[in-house]
Amino acid sequence: MRTPKTIVVALIAAIAMLGCKDNEITFFVEHAKVPAEAPNCSYTPGDNWASMGLLDLSFRGEGGALAYETMFLVTNQLMSRENYDNLTAETAGVFIEGMEVFVQTSRGEGVGSSEYFEFENFISPESSDIAWGMVISPSVVDVLASQNACLPLSWNNYPPQTTGNYPITDVNAQLAGRYFGFVYANVVFLGHTGGDVLVETPEFTFPIHLCCGCLVEWGNCLDDCNRYCTDPQPHGMCSLGVANGGQLLDCRALYHDVDYTPPGWDADAGVFCDTCD
């Protein structure tokens, strides 16, 4: 399990001047942002903040698991100071070099190991700005999906005989759209000031609700005509599997362009689709 970090504050060395003392000012995460919406998929510092997230563990495929990524509002309250040795101002802007994340269950058990992700960002002195953050990595998504028996979205994991009626189930008779508990992502940003003082934020904990298939619109696949002969709607998700403004994946996307003929169909699927008109 990850060793808890000491609550981190940025310490500015005492100025060699009578009457001055250490200046202790914080560098910290204000909050996580609500996931961006299509079509722009962009963030600004003024965007709404999120009290928690929702991740659908079924959004995995041949290319591997997807991740939960979002933006955080990070505040740098360090103030620049004069350097009396060379008569220059030493900037207290923070150069973020990366972030560390560790995921825990609601019981405090670690999921996977602590992971570090490199990226560059700059937060000006006495200001706040957004910074990218990996909340749950693909490797941890795989672990959570395995622990909760959530199969990846594919036509063979959710075959037609299980999608023709409610409740929708996978090949293991597990309900699609079921919810699990919360996990907690502990996020730390690390970097240095313009004066080469190493700084890092205190751990910021972000709760994420888990589910399997809850971000899929299964109602469009209750009959063969809709499932195979109607084009799926655009999903409108900027980050697949991450809850965003009620946008869902059209289940018909799983059954288009697959090498499969449903039981009872004519070998020429086009003939069947003609009968649906």
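Above this note sits the structure.
Notes on the structure in this doc start here. Per chain, the residues get numbers from 1 upward, laid out in the order the sequence is written. Given that the model is predicted, a residue must reach a pLDDT of at least 70 before its local features are reported, and side-chain atom pairs must reach 80 or more before they are shown or counted; all residues, however, enter totals for whole chains, interfaces and linings. Working from all heavy atoms in the structure, the side-chain values ignore hydrogens and water.

**Here we look at the environment of cysteine 229**
Our working definition: Where helices and strands are cited, they refer to DSSP runs of H or I of at least four residues and of E of at least two residues respectively, numbered from the N terminus.
Tracing the backbone shows cysteine 229 in helix 3 (residues 224-229). Spatially, the C-alpha atoms of cysteine 229 and arginine 252 are 9.0 Å apart, while their sequence positions differ by 23 residues.

**With respect to the state of the cysteines**
Put simply, the rule reads: Cysteine sulfur pairs qualify as disulfides if the two atoms are within 2.5 Å. Working definition: with a 1.4 Å probe on protein chains only, accessible area under 20% of the residue-type maximum means buried, over 50% means exposed, and in between means partly exposed.
Inspection of every chain in the model, using the stated rule, returns four disulfides. Note that cysteine 150 is cross-linked by a disulfide to cysteine 212, the S-S spacing being 2.1 Å. One quick way to see it: the torsion about the S-S bond of cysteine 150 and cysteine 212 is about 85°, and its sign makes the bridge right-handed. With a gap of 62 residues between them, cysteine 150 in the loop between helix 1 (138-147) and helix 2 (160-163) and cysteine 212 in strand 16 (residues 204-212) connect regions that are remote in the sequence. Residue classification places cysteine 150 among the buried residues on the basis of a relative accessible area of 3%. Since its relative accessible area comes to 0%, cysteine 212 is described here as buried. Through a disulfide, cysteine 211 is tied to cysteine 214; the S-S separation comes to 1.9 Å. Measuring handedness by torsion sign, the sulfur bridge of cysteine 211 and cysteine 214 sits at about -60° and is left-handed. In this structure cysteine 214 comes out as buried when scored by relative accessible area, which is 13%.

**Observations concerning the side chain of arginine 60**
Short version of the rule: Definition of a polar contact: a pair of N or O atoms within 3.5 Å, with one able to donate and the other able to accept a hydrogen when the atoms are protein atoms, and with sequence-neighbouring residues admitted only if both atoms are side-chain atoms.
As for its position among the elements, arginine 60 is in strand 6 (residues 60-61). A distance of 3.1 Å separates a polar atom in the side chain of arginine 60 from the backbone oxygen of cysteine 150.

**Points about the pairing of strand 16**
Regular strands show a simple pattern: their side chains alternate between the two faces of the sheet. Operational definition: The pairing criterion is simple: DSSP has to find at least two bridges between the two strands.
Among the nine residues of strand 16, eight are classified as buried, and the element is accordingly described as predominantly covered. Relative to strand 16, strand 14 (residues 178-193) runs antiparallel, the two being bridged by eight bridges. Within strand 16, the position partnered with tyrosine 184 by the bridge is proline 207.

**Overview of the pattern of salt bridges**
Rule in force here: We define a salt bridge as a contact between a side-chain nitrogen of Lys or Arg and a carboxyl oxygen of Asp or Glu at a distance within 4 Å.
For the structure shown, the criterion picks out three salt bridges. The salt bridge partner of aspartate 142 is arginine 60, with a shortest N-O separation of 3.5 Å. Taken together, the residues aspartate 142 in helix 1 and arginine 60 in strand 6 connect sequence positions 82 residues apart. Residue aspartate 142 is classed as partly exposed on the basis of its relative accessible area of 37%. Residues glutamate 109 and arginine 107 are paired through a salt bridge, measuring 3.2 Å at the closest nitrogen-oxygen approach. With a relative accessible area of 42%, glutamate 109 lands in the partly exposed category.

**Comments concerning the pairing of strand 14**
Most of strand 14 sits inside the fold, with 12 of its 16 residues counted as buried. One ladder, built from 11 bridges, connects strand 11 (residues 94-105) with strand 14; its direction is antiparallel. Within the sheet, the bridge partner assigned to glutamate 100 lies in strand 14 and is valine 188. Relative to strand 15 (residues 198-200), strand 14 is paired through three bridges, and the arrangement is antiparallel. Considered in strand 15, the bridge of histidine 192 is made with leucine 198. Between strand 14 and the antiparallel strand that follows it, strand 15, lie four residues; aspartate 196 among them carries a positive phi value of about 65°.

**Regarding the packing of aromatic side chains**
What counts, and what does not: Stacked, tilted and edge-to-face pairs are distinguished by plane angle, under 30 degrees for stacked and over 60 for edge-to-face with tilted covering the rest, among Phe, Tyr and Trp rings (Trp via its six-membered ring) whose centres lie within 6.5 Å. Ring-over charges, as used throughout, are those where CZ of Arg or NZ of Lys falls within 6 Å of the ring centre and within 35 degrees of the ring normal.
Here the structure, examined in full by the defined rule, presents eight aromatic pairs. A ring pair is formed by phenylalanine 72 and phenylalanine 189, whose centres lie 5.8 Å apart and whose planes are at 70°; its orientation type is edge-to-face. With phenylalanine 72 in strand 8 (residues 68-76) and phenylalanine 189 in strand 14, this pair connects stretches of sequence that are 117 residues apart. One exposure class covers both phenylalanine 72 and phenylalanine 189, and it is buried. On the basis of an interplanar angle of 50° and a centroid distance of 4.7 Å, the ring pair of phenylalanine 95 and phenylalanine 122 is categorised as tilted. With phenylalanine 95 in strand 11 and phenylalanine 122 in strand 12 (residues 110-123), this residue pair connects regions lying 27 residues apart in the sequence. For phenylalanine 122, a relative accessible area of 33% puts it in the partly exposed group. Ring pairs connect the aromatic residues Phe72, Phe119, Trp132, Phe189 and Phe204, which therefore count as one cluster. Across the ring face of tyrosine 255, the terminal group of arginine 227 is positioned such that the distance to the ring centre comes to 5.7 Å.

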